[in-house]
Amino acid sequence: MQGYEKIKELKQLLDEGLITQEEYDQKKTELLSAASADAAGAPIDPTSASFPPDNRVEKGKSKWVASLTAIFLGCYGVHKFYLGYAAQGAIMLAVTLGLALPVFFIARALGSIALMKLIGLLQFIPILIGVAEGVIYLIKSEEDFQRIYVAGRRAWF
């Protein structure tokens, strides 16, 4: 049972982004081999330790890609989609395209300058959010970025 506890600890380190998948697999194999040798050749099923499938950590999310997409394409939510936050990306995309643009064209057709200015302000909000998040991503260290936005699944700011 001690090997199982060590594997759980390794899984937690993996989920927090403190070790890589390769390190986790190598240490898990070593622990299972040692436990197998201790059990006098009794086979141990490596799949017997159940890990929740939804606790996987996505690897390979670059802080720089997220930052640059947030700064230059943030109003469309591209950085949110890149980080795996589809709902938040869809919200930003809907505010930018789905709500603001049709009302802008209606206001333009009606000739309402005040309404066009209000719509312009609405379109500025997602741009401001994208730039702010891009700068925040750049300020964070790589480890903090991975821990907070990739492993921690923090969606906004």
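## Overview of the pattern of salt bridges
- Evaluation of the coordinates by the stated rule reveals 3 salt bridges.
- In this structure, the salt-bridge partner of Glu133 is Lys80, at a minimum N-O distance of 2.8 Å. Residue Glu133 is found in helix H6 (residues 113-139), and its partner Lys80 is found in helix H4 (residues 78-83); the two are separated by 53 residues along the sequence. Comparing Glu133 with Lys80, the two get one shared label, buried.

## Let's talk about a nonpolar patch on the surface
- Side chains of Val103, Leu115, Leu118, Leu121, Phe124, Ile127, Leu128, Val131, Val135 and Ile139 sit close together on the surface and give an oily, nonpolar patch of about 860 Å² of accessible area.
- If you tally residues by element for the nonpolar patch, the top one is H6, at 9 residues.
- Residue placement: Leu115 occurs in helix H6.
- Exposure remark for Leu115: the relative accessible area of 31% places this residue in the partly exposed category.

## Here we look at the confidence of the model for the protein chain
- In the predicted model, the protein chain carries a mean pLDDT of 78, and 80% of its residues have values of at least 70.
- Predicted confidence is poor over residues 48-52, with pLDDT under 50, and the contacts of this stretch with residues over four places away or in other chains come to 7 contacts.
- Within the model, pLDDT remains below 50 along residues 54-58, and this stretch shows 9 contacts once partners closer than five positions in the same chain are excluded.

## Here we look at the packing of aromatic side chains
- Taken as a whole and judged by the stated rule, the model has 3 aromatic pairs.
- Ring centres 4.9 Å apart and planes at 65 degrees place the aromatic pair Tyr137 and Tyr149 in the edge-to-face group. Taken together, the residues span a long stretch of sequence, with Tyr137 in helix H6 and Tyr149 in helix H7 (residues 142-151) at a distance of 12 residues.
- Given the relative accessible area of 1%, Tyr137 is considered buried.
- Grouped by ring-pair contacts, the aromatic residues Tyr137, Phe145 and Tyr149 constitute a single cluster.
- Between Lys61 and the ring centre of Tyr82, over which it is positioned, the NZ or CZ distance is 5.0 Å.

Rules used in this analysis
- Residues numbered from 1 in each chain as written.
- Predicted model: local features only at pLDDT ≥ 70, side-chain atom pairs only at ≥ 80, totals over all residues.
- Heavy atoms only, no water.
- Salt bridge = Lys/Arg side-chain N within 4 Å of Asp/Glu carboxyl O.
- Helix = DSSP H or I, 4+ residues; strand = E, 2+ residues; numbered from the N terminus.
- Buried < 20%, exposed > 50% of the residue type's maximum accessible area, 1.4 Å probe, protein only.
- Patch = residues over 30% accessible without salt bridge, like charges linked within 9 Å, V, L, I, M, F, W, Y side chains within 5 Å.
- Areas by Shrake-Rupley, 256 points an atom, 1.4 Å probe, with all protein chains shown as cover.
- pLDDT = per-residue confidence, 0-100.
- Contact = heavy atoms within 4.5 Å.
- Phe/Tyr/Trp six-rings, centres within 6.5 Å; stacked < 30°, edge-to-face > 60°.
- Lys NZ or Arg CZ within 6 Å of the ring centre and 35° of its normal.

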